[in-house]
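The chain contents come next:
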Amino acid sequence: MTTITTRESAEDQGVGVKKTGGFTASAANYIDERTSISGAVKELGRKIFPDHWSFLLGEVALYSFVIILLSGSFLTFFFQASMAEVVYDGSYAPLKGIPMSAAMSSTMDISFDIRGGLLMRQVHHWAALLFVAAIGLHMLRIYFTGAFRKPRELNWVIGFILFILAMAEGFTGYSLPDDLLSGNGLRIIDGLIKGIPVVGTWVSFLLFGGEFPGTDIVGRLYSLHILLLPAIIVALIAMHLLFVVVHKHTQYPAAGHTNQNVVGYPVLPVYAAKAGGFFFIVFGVVMLIASLFTINPIWNYGPYDPSPVSAGTQPDWYIGFADGAMRLIPTGWEFVWLNHTYSLNILVVLTVVGLFIVTVMIYPFIEGWITGDKREHHVLDRPRNAPTRTAIGAAGVTFYASLWAAASSDIMATHFHLTMEGVIHTLQATTLLGPFLAFFIAKRVCLALQKKDREIVLHGYESGRIVRLPGGEFVEVHQPVDEYERWKLVSYSDFKPLMLRPNAQGKIGPAEKVRAGLSRWFFEDRITPVTQVELNQAHGDHPAEITDK
Amino acid sequence: MAKDDNGAEDVTAADSPGAQLATSAASTAVVTRDALANPGFPPHRPRITDLDHKEERKAERTVYTLFYVSIVGSVFAIAAYMAFPIVAEDPGSVRLNNLFIGLGLSLALLAIGIGAVHWGKALMSDHEGVDERHPVRGTEPVRARAVEIFQQANEESGFGRRTLIRNSLIGALVVFPLPAVVLFRGLGPMDQDPVALLNETMWKKGVRLTMDPSGTPIKAADVTLGSSFHVIPEGLSEMGHGRLEEKAKAAVLLIRMDPDDLIEAEDRKSWSYDGIVAYSKICTHVGCPVALYEQHTHHLLCPCHQSQFDVENHCKVIFGPAKRALPQLPIAVDAEGYLIAQSDFTEPVGPSFWERA
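Residues numbered from 1 in each chain as written. Chains lettered and ligands numbered in written order. Predicted model: local features only at pLDDT ≥ 70, side-chain atom pairs only at ≥ 80, totals over all residues.

1. Looking at the domain arrangement of chain B
The domain boundaries assigned to chain B delineate domain 1 (48-123), domain 2 (143-171) and domain 3 (199-341). Put simply, the middle of domain 2 of chain B and the middle of domain 3 of chain B, counted by C-alpha atoms, are 69 Å apart. (Domains from an automatic or database assignment.)

2. Digging into the environment of Trp126 of chain A
Residue and element names in this part refer to chain A. Within the element layout of this structure, Trp126 appears in helix α5 (residues 117-144). As for Trp126 and Ile68, which are separated by 58 residues in sequence, their C-alpha atoms are 9.0 Å apart. In this structure Trp126 touches Val286, Ile289, Ala290 and Ile295, once residues within four positions along its chain are discounted. (Helix = DSSP H or I, 4+ residues; strand = E, 2+ residues; numbered from the N terminus. Contact = placed C-beta atoms within 7 Å.)

3. Side note on the pairing of strand β8 (residues 474-479) of chain A
Of the strand pairs in this sheet, strand β7 (residues 461-468) of chain A and β8 of chain A are connected by five bridges, and their pairing is antiparallel. In the sheet register, Ile466 of chain A faces β8 of chain A, and the bridge partner there is Glu476 of chain A. (Pairing = 2+ DSSP bridges.)

4. Notes on the sheet that holds strand β5 (residues 228-233) of chain B
Residue and element names in this part refer to chain B. Overall, antiparallel pairing links the four strands, which are arranged β4-β5-β6-β7 in an open sheet. With partners counted over all chains shown, the strands left at the sheet margins are β4 (209-211) and β7 (276-280), one partner each. In this sheet, adjacent strand axes meet at a mean angle of 40 degrees when their direction is disregarded. Sheet topology places β4 next to β5; three bridges connect them, and they run antiparallel. Counted as the bridge partner of Thr210 is Ile232 from β5. (Axes fitted to C-alpha atoms, helices over the stretch in contact; angles between N-to-C directions.)

5. Some words on the nonpolar core
Ranked by internal contacts, the top residues of the largest apolar core, which has 173 residues, are Phe131 and Val286 of chain A together with Leu209 and Val252 of chain B. In this view, Leu209 of chain B contacts Ile218, Val231, Val252, Leu254, Ala278, Ile331, Leu339, Ile340 and Ala341 of chain B; residues no more than four positions away in its chain are not counted. Within the second largest apolar cluster, five residues are counted, among which are Val457, Trp487, Leu489 and Val530 of chain A. (Core = buried A, V, L, I, M, F, W, Y, C linked by C-beta atoms within 7 Å. Buried ≥ 20, exposed ≤ 12 C-beta atoms within 10 Å, placed from the backbone.)

6. Quick notes on the confidence of the model for chain B
Low-pLDDT portions of the prediction should not be read for the details of their coordinates. Residue and element names in this part refer to chain B. Put simply, chain B has an average pLDDT of 89, and 93% of its residues get 70 or more. Note that pLDDT drops below 50 for residues 1-25; the model gives that stretch 37 contacts with residues more than four away or on any other chain. Model confidence for the complex is summarised by a pTM of 0.91, with the ipTM given as 0.89. (pLDDT = per-residue confidence, 0-100.)

7. A short note on the sheet that holds strand β1 (residues 48-49) of chain A
One open sheet holds the three strands; their spatial order is β1(A)-β4(A)-β3(B), and the pairing between them is antiparallel. Strand pairing shows two members of the sheet lacking a second neighbour, β1 of chain A together with β3 (129-132) of chain B, which therefore form its edges. The sheet contact formed by strand β4 (residues 261-266) of chain A and β3 of chain B spans four bridges and is antiparallel. Within β3 of chain B, the position partnered with Gly264 of chain A by the bridge is Gly129 of chain B. Contacting β1 and β4 of chain A, helix α10 (residues 267-292) of chain A runs over the sheet at an angle of about 75 degrees to β4 of chain A.

8. A word on the environment of Arg256 of chain B
Relative to the elements of secondary structure, Arg256 of chain B occurs in strand β6 (residues 252-256). If sequence neighbours within four positions are ignored, Arg256 of chain B has contacts with Val223, Thr224, Leu225, Gly226, Ser227, Gly275 and Ile276 of chain B.

Pasting the structure below:
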């Protein structure tokens, strides 16, 4: 095992030790004597962060949140979160003289009367879409590489809550302009809430301050959108990042990478330049999209009115899975019993989506229980080396994608000239059966890739060069894999199914039986990493094998 | 430790000091004895900018040029702010304003970003550093001290000993947030019964059916065969306060069909007038307006979740997640030939709710 210690220790020359040395030094000294900040620089200044493109996904999420805060603060200076009725008198001629809420009217003014206002609105909206998307992809990266394992289970939960809060921010923000589509979204929320047994009617009444739509909801969502939710998000992001510092970042398996080290670039200067630069790149890309592509053209929809709505209405992408789930419920799932209405068409959606969300949130604890693994894991799994986990992930993604696709069922039907019923029935099938198929395929693909890795380690790459031996035999030259590349292929955690053993009382409890069953399901099909003995044998068994070296 | 077939050993949380685990909780991880050894870091490969001074100069030029380009972008954005004003009632001017300010800012931001990243990648030292990791859990002495502190605090306060104080404090802390919960009752009006409100709409005997949104009364004779109208009750369009709340319940779709196409229940034969039928427009699923009428099939489609209703057959659900038929508004014609309601709806309109039976 090679260990390399940090090359330089720039902290020795940390800020503010000397008083001489010009303005910078004396300013640094001034600050340090009042804040003790040199300690933080010493601790963090040369902290190592590993480099990989997939580690940027979380950064994209963080940076889009900063962009949302900046553009959102600008919007608050002009937006009026009031449902008081006004008559629109702005620059957009088609809506002139039409009564609408102050919220809608001020959003129109931001779009049509304030220079750069539309740009900021579009930056805000595009960044919000990117925010949720980046969190989702970041979560997929964490999941498929096993980065949620001990000691990071709690950080997974925090990140997951951030995902939910991001969607809540998205929905509350979507509802603020009080245009036709956002009002319709609220109508759906109202209908959903009313379907909840016992409390539904009252919850709806309290939320809207009386009957739907009332005149309170925009103001209330505004408080949530700009105060309560952002405050919680900022606090959780701080915790999330604090944990990253405490745990130190994970790294991919590679030569020299161990569970006891972290290899990469120091915060100062390389990481600061790259991460800082990346913030501007993300901001720049969002800005470019916002200057070129319209998002949420409320002027086309008009103010909210409970009566009109056009075909092809869709929520923002991240709410799609919930909306799609509602469309997939078959006709007639509602009954009356003991003088009360049970709306299964709503309850089943809430339950299934809720269970799905909770399962994702507690997954690290489930896997930890099955493996019983109490070790810290800082080297990531390549997805193929955890076949069952990867397959579960593929099943989950398929399930989510089916629900999500269902939110566009009508658009698919009209675009591809299909029947509405056919699209829905197909998506019902993919929602229920797709996950099983995805699980099977993903697991087999993982195992096949693992076998290929073994093959490469033991016998090298196929070089494509055919050589004729003196005896007339043709063989293909195998190029052996170098030891650095080989380490990537053989260094992974291996598990075997749990062997049931009676406890001290000579009994096997039901929980242990369940665990043993799950453990078998997880680890029955396993490809073990190549060992030294196997490697030696592989070379010993084929003395005639021709290699380049 | 049990040996398995591969000459590997079970590891019972080997590197965790608190490894006194019951057999049932044992880890199923396999630690192979003759695993391959980590070969250590591969040799460092210098970049072209490390080897070639000219390339290094070139990279440097690229970086500072990008930063200057960023300044140009910012200045351009400010100039665009002034050069492309928004002209009243000219949506094209908004587009130009948006486009050019945006492009300037994009340039300003992207150039900084790309420049900084290029600086980091091509010019800054690319020797990787290594930090050592330590177990996340505190060291034994630290943990022991933490336990000691809690014990000391417990002794000094008597938290564990003086159970009366402790339990009454816990009780007080549990109860004190309750008034705050009660305060939230004020989110909804005190003097209204939601169930009663959900059960009634503006429609009542003699109220004329009027056009949405103009409020013009509709004569039965003006409703041609096959046509459909979006309808609101008379007086709604002039309402100030509560207009949208009433409209969200009272919106109606009026359709005239060939009376022979209508399959009407005995007790509802009198609810239509000469093939003219009126149904609530509020979907019985979650309340979207069921606004799409397909004339040749006489089906209504809800654009939100694709529930379909059959107008020929009392708007019963034929597809989609809704369960209940759209409520029918009984209509008639008054002395002047205008369409009027015979009464309110005979059941609550819109989405289901718990108290609905």
